[in-house]
Amino acid sequence: MAARLAARLPRWHLSPRALDVLRLIVIGKRNKEIGDALDITEGAVKIHVSSVLCKLGVSDRTEAATAALQRGIVQLDG
């Protein structure tokens, strides 16, 4: 049953922390800035960024930001 439920989840299902990282990518933050903002190491940020890219099926941060905005995963304020 768990496998069937997992198959139903969108491919881009992201953890809360990955969503935080993605939101900061969308506004143009670098890994060091993301780490400082979230109080995590730059290495941890790199792992989250790689996971986000994979789950969104994109190859770089720019594509991730574009996909996040187009799919409504992240919204720009203002």
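Structural notes, computed from the coordinates. (Residues numbered from 1 in each chain as written. Predicted model: local features only at pLDDT ≥ 70, side-chain atom pairs only at ≥ 80, totals over all residues. Heavy atoms only, no water.)

### Re the nonpolar core
Ranked by size, the top nonpolar core spans 22 residues in total, and within it Leu22, Ile34, Val52, Leu56, Ala64 and Ile73 carry the most contacts. At seven residues, the largest contribution of residues to this core is made by helix α2 (residues 16-26). (Core = buried A, V, L, I, M, F, W, Y, C linked by side-chain atoms within 4.5 Å. Buried < 20%, exposed > 50% of the residue type's maximum accessible area, 1.4 Å probe, protein only. Helix = DSSP H or I, 4+ residues; strand = E, 2+ residues; numbered from the N terminus.)

### Brief notes about α2
One full turn of an α-helix is made of 3.6 residues, so residues set three or four places apart face in the same direction. Along α2, the residues that are buried comprise Ala18, Leu19, Val21, Leu22, Leu24, Ile25 and Val26. Residues of α2 that are buried make contact with α3 (31-38), α4 (42-56) and α5 (61-70). Just past α2, the residue Gly28 takes up positive phi, approximately 90°. (Contact = heavy atoms within 4.5 Å.)

### Some points on the pattern of salt bridges
Between side chains of opposite charge, pairing is possible as soon as their charged atoms come close. With the rule as written, the count across this model stands at three salt bridges. Between Asp20 and Arg17 there is a salt bridge, and its shortest N-O distance comes to 3.9 Å. Here Asp20 pairs with Arg17, and both are found in helix α2, just three residues apart, close to one helical turn. Residue classification places Asp20 among the partly exposed positions, given a relative accessible area of 28%. The salt bridge partner of Lys32 is Asp36, with a shortest N-O separation of 3.3 Å. (Salt bridge = Lys/Arg side-chain N within 4 Å of Asp/Glu carboxyl O.)

### Topic: the environment of Val21
Its location among the elements puts Val21 in helix α2. Through-space distance from the C-alpha of Val21 to that of Leu38 is 8.2 Å; in sequence the pair is 17 residues apart. What Val21 contacts, discounting residues up to four positions off in sequence, is Ile34, Leu38, His48 and Val49.

### Some words on the packing of α2 against α3
Their axes nearest at 10 Å, the elements α2 and α3 cross at an angle of 130°. One way to sum up the angle between α2 and α3 is to call them oblique. In terms of crossing hand, the pair formed by α2 and α3 is right-handed. Counting all contacts with α2, which are made through Arg17, Asp20, Val21, Leu24 and Ile25, the residues of α3 involved are Ile34, Ala37 and Leu38. When the residues that make up the contact of α2 with α3 are grouped by side-chain class, the tally is six nonpolar, no polar and two charged. (Axes fitted to C-alpha atoms, helices over the stretch in contact; angles between N-to-C directions. Parallel < 35°, antiparallel > 145°, perpendicular 65-115°, else oblique. Left-handed = near helix turned anticlockwise from the far one by under 90°. Nonpolar A, V, L, I, M, F, W, Y, C, P; charged D, E, K, R; others polar.)

### Examining a nonpolar patch on the surface
Together, Ile27, Leu69 and Leu76 make up an exposed nonpolar region whose accessible area comes to about 290 Å². Following the sequence through the fold, Ile27 ends up in the loop between α2 and α3. Given a relative accessible area of 52%, Ile27 falls into the exposed group. (Patch = residues over 30% accessible without salt bridge, like charges linked within 9 Å, V, L, I, M, F, W, Y side chains within 5 Å. Areas by Shrake-Rupley, 256 points an atom, 1.4 Å probe, with all protein chains shown as cover.)

All we've got here are geometric facts, nothing functional implied.
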